[in-house]
Amino acid sequence: MAAISSFDDLKLYKQLLNAIADAGYQAPTEIQIKCVHLIMGGKEVIGIAKTGTGKTAAYLLPILMKVKYAQGSEPRALILVPTKELVLQVTNHALQLATYTDLRIVGIYGGVGPKTQIESIEKGLDILIATPGRFLEIYQRNVLPCKQIKTVVLDEADRVMDMGFLPQL
């Protein structure tokens, strides 16, 4: 495999490359170089890197490549994160990278009533970003179909476990 020095070398769709350019990213980081092709190839990956090194994009880019375009009404990728703040952060990052696609990305978390979040789910979505507790709560109400989910990410898995979400997982 040739050395990877640009996002073009990762063989991403033009829509993603345009969004990456708009975001001002210059070159892929080490974790992105090591993980993107593995994830796109269907491999299970555990990534450990310092804050600010591009871990989120390292899994979002392959997910956006796999999911490609809006299809059906059920989520095809699930990203579980430990906190509301991280749901918002990851959702914003995903929306930024998916700017030139028609993908429907929804974030759900506790601390607010579930009504608006359920309405968003019922409109249809492709990628769901959720805290484990809210995911389970809405799933148990039978309004969150999961049969089409083919990709699952557990972001900050250590924090998810430390916060006591093991039963939900």
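Everything quoted here is computed from the prediction, not taken from an experiment.

What counts, and where the lines are drawn
Residues numbered from 1 in each chain as written. Predicted model: local features only at pLDDT ≥ 70, side-chain atom pairs only at ≥ 80, totals over all residues. Heavy atoms only, no water. Helix = DSSP H or I, 4+ residues; strand = E, 2+ residues; numbered from the N terminus. Rg over C-alpha atoms; globule rule 2.2 N^0.38 Å. Buried < 20%, exposed > 50% of the residue type's maximum accessible area, 1.4 Å probe, protein only. Contact = heavy atoms within 4.5 Å. Areas by Shrake-Rupley, 256 points an atom, 1.4 Å probe, with all protein chains shown as cover. Pairing = 2+ DSSP bridges. Axes fitted to C-alpha atoms, helices over the stretch in contact; angles between N-to-C directions. Core = buried A, V, L, I, M, F, W, Y, C linked by side-chain atoms within 4.5 Å. Phe/Tyr/Trp six-rings, centres within 6.5 Å; stacked < 30°, edge-to-face > 60°. Salt bridge = Lys/Arg side-chain N within 4 Å of Asp/Glu carboxyl O. Parallel < 35°, antiparallel > 145°, perpendicular 65-115°, else oblique. Left-handed = near helix turned anticlockwise from the far one by under 90°. Nonpolar A, V, L, I, M, F, W, Y, C, P; charged D, E, K, R; others polar.

Here's the deal with the overall build of the chain
Regarding its fold elements, the chain presents seven helices and four strands. In the chain, the order of α-helices and β-strands from amino to carboxyl end is α-α-α-β-α-β-α-β-α-β-α. Computed over its C-alpha atoms, the radius of gyration of the chain comes to 16 Å, within 12% of the 15 Å expected for a compact globule of 169 residues. In terms of overall dimensions, the chain has a C-alpha envelope of 50 × 35 × 25 Å along the principal axes. Split into buried and exposed, the 169 residues of the chain put 41% on the buried side. Partitioning the contacts of the chain with sequence separation of at least 6, the portion at a separation of at least 24 is 64%. For the chain, the accessible area works out to roughly 9400 Å², and carbon and sulfur atoms hold 53% of it.

Overview of the sheet that holds strand S2 (residues 105–108)
The strand order S2-S3-S1-S4 describes an open sheet built from four strands, whose pairing is parallel. If you trace the sheet from one side to the other, it starts and ends with S2 and strand S4 (151–154), each paired once. Ignoring strand direction, the axes of neighbouring strands in this sheet form an average angle of 15°. Pairing of strand S1 (residues 77–80) with S4 involves four bridges; the strand directions are parallel. Paired with leucine 78 across the two strands is valine 152, which belongs to S4. Sheet strands touched by helix H4 (residues 84–97): S1, S2 and strand S3 (127–130). Its angle to S2, the strand with the most contacts, is close to 175°.

Comments concerning the nonpolar core
Counting residues in each nonpolar core, the largest one holds 35 residues, and the members touching the most others are Leu12, Ile79 and Ile127. Of all the secondary structure elements, the ones that give two or more residues to this core are helix H1 (14–23), helix H2 (30–40), helix H3 (55–67), S1, H4 and S3. Considering every element that reaches this core, the biggest residue donor is H3, with nine residues.

With respect to the packing of aromatic side chains
This model, assessed by the stated rule, comprises one aromatic pair. Note on phenylalanine 135 and tyrosine 139: the rings are 6.2 Å apart at their centroids and 10° apart in plane angle, and the pair reads as stacked. Remark: tyrosine 139 and phenylalanine 135 occur in helix H6 (residues 132–140); sequence separation between them is four residues, near one turn of the helix. The class of phenylalanine 135 is buried, set by a relative accessible area of 14%.

Considerations on the pattern of salt bridges
One pass over the full model with this rule turns up six salt bridges. Of the charged contacts, one joins arginine 141 and glutamate 137 as a salt bridge, the two residues approaching to 3.3 Å between their closest N and O atoms. Exposure remark for arginine 141: the relative accessible area of 45% places this residue in the partly exposed category. Residue glutamate 137 is classed as partly exposed on the basis of its relative accessible area, which comes to 27%. Residues joined by salt bridges that share partners form a network here, namely Arg76, Arg104 and Asp126.

A look at the packing of H3 against H4
Axis separation between H3 and H4 bottoms out at 10 Å; the angle between their running directions is 50°. Put simply, H3 runs oblique to H4. The chirality of how H3 crosses H4 is right-handed. Touching Thr56, Ala57, Tyr59, Leu60, Leu61 and Leu64 of H3 are Val90, His93, Ala94 and Leu97, all from H4. Split into classes, the residues belonging to the contact of H3 with H4 amount to eight nonpolar, two polar and no charged.

Worth remembering: the numbers are spatial, not functional.
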